[in-house]
Amino acid sequence: MKCSKGFISKNPPTKSIAMLEQFSVGIHPYIVDIIDVKADSHCGYRVIGALLGMGEESWTIVRMNLHK
């Protein structure tokens, strides 16, 4: 919430999301966070690690756990 001279805005500042215009307007509210990971053969594991809060460099742990 932003306060300015007694005015309280209930809308938080919006984050600019790269390439958002490529998606239909109807799904814009559902796009919460985009994580841009290193593009290599392990990028799927990197995304899972990043979204779980482990960091994209933990892809080896994610891969090992999924394999088990």
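For clarity, every value in this text was computed on a predicted model and none was experimentally measured. (Residues numbered from 1 in each chain as written. Predicted model: local features only at pLDDT ≥ 70, side-chain atom pairs only at ≥ 80, totals over all residues. Heavy atoms only, no water.)

Asks: Summarise the overall build of the chain; cite the residues concerned and give the values.
Replies: Counting its secondary structure elements, the chain contains two helices and two strands. When the helices and strands of the chain are placed in sequence order, the string is β-β-α-α. Counting only residues that meet the buried cut, the chain has 13% of its 68 residues in that class. Considering only intrachain contacts with a sequence separation of at least 6, the fraction spanning at least 24 residues in the chain is 0%. Surface summary for the chain: the accessible area is close to 6000 Å², and the carbon and sulfur share equals 60%. (Helix = DSSP H or I, 4+ residues; strand = E, 2+ residues; numbered from the N terminus. Buried < 20%, exposed > 50% of the residue type's maximum accessible area, 1.4 Å probe, protein only. Contact = heavy atoms within 4.5 Å. Areas by Shrake-Rupley, 256 points an atom, 1.4 Å probe, with all protein chains shown as cover.)

Asks: Can you break down the confidence of the model for the chain residue by residue, with the values?
Replies: Of the residues in the chain, 76% have a pLDDT of 70 or more, and the chain-wide mean is 80. Mean pLDDT in the chain bottoms out at strand β1 (residues 2-4), which sits at 48, and peaks at helix α2 (residues 59-67), which reaches 95. (pLDDT = per-residue confidence, 0-100.)

Asks: Quick rundown of a nonpolar patch on the surface? Include the residues and the values.
Replies: Together, Ile-48, Leu-52, Met-54, Ile-61 and Leu-66 give the surface a local cluster of nonpolar side chains, amounting to about 470 Å² of exposed area. Locating Ile-48 in the fold gives a position in helix α1 (residues 43-51). (Patch = residues over 30% accessible without salt bridge, like charges linked within 9 Å, V, L, I, M, F, W, Y side chains within 5 Å. Salt bridge = Lys/Arg side-chain N within 4 Å of Asp/Glu carboxyl O.)

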